[in-house]
Amino acid sequence: SGSSMASLLLAHKWSGEDPAGWWVSEKLDGARAVWHRDHFLSRSGSPLVCPEWFRQQVPTDVVLDGELWGGRFRFQQTVDILRSGAAGAAGWASLTFFVFDVLEHRH
């Protein structure tokens, strides 16, 4: 559901855990998304329409938590592409899906 998706993607306040051994990445200013085997869902759980050629680059046996990113200082352009649905298909060439976590994997 949308509410469980949103809670999955929310950050949690750091409370002094030892970060030794953790992986750290740059904060990307893109749109959080979950790849659910054959489609993307937004943080609110709404489907994100993307072109077939983009979907074919992502594996179908996994659920992935990540960020659709269009580059530094391009947040608004990224959001515009995602909101444009099928009309924004060409814009997807400028997007990258950065994976943060594998939430589920089918063997």
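Asker: In this structure, what is going on with the packing of aromatic side chains? I would like to understand it.
Answerer: Think of a pair of aromatic rings as described by two things: how far the centres are apart, and how the planes are tilted against each other in angle. Summed over all chains, the structure comprises seven aromatic pairs. Pairing phenylalanine 54 with tryptophan 92 gives two aromatic rings, centres 4.8 Å apart and planes at 70 degrees, and the pair type is edge-to-face. Of this pair, phenylalanine 54 sits in helix 2 (residues 52–55) while tryptophan 92 is found in the loop between helix 3 (75–83) and strand 5 (96–105), placing the two residues 38 residues apart along the sequence. Look at tryptophan 92 and you get buried, because its relative accessible area is 0%. Taken together through their ring pairs, the aromatic side chains of Trp35, Phe40, Trp53, Phe54, Trp92 and Phe97 make up a single cluster.

Asker: How should I be thinking about the sheet that holds strand 4 (residues 62–69) in this particular structure?
Answerer: Paired through backbone hydrogen bonds, the strands of a sheet run either parallel or antiparallel to each other. Judged by pairing direction, the sheet is antiparallel, and its five strands sit side by side in the order 3-2-1-4-5 without closing on themselves. The sheet is open, and its two borders are formed by strand 3 (47–48) and strand 5, each paired with just one other strand. Summarising the sheet, strand 1 (residues 31–36) and strand 2 (residues 40–42) pair through three bridges and their orientation is antiparallel. Counted as the bridge partner of alanine 33 is serine 42 from strand 2.

Cut-off values and rules
- Residues numbered from 1 in each chain as written.
- Predicted model: local features only at pLDDT ≥ 70, side-chain atom pairs only at ≥ 80, totals over all residues.
- Heavy atoms only, no water.
- Phe/Tyr/Trp six-rings, centres within 6.5 Å; stacked < 30°, edge-to-face > 60°.
- Helix = DSSP H or I, 4+ residues; strand = E, 2+ residues; numbered from the N terminus.
- Buried < 20%, exposed > 50% of the residue type's maximum accessible area, 1.4 Å probe, protein only.
- Pairing = 2+ DSSP bridges.

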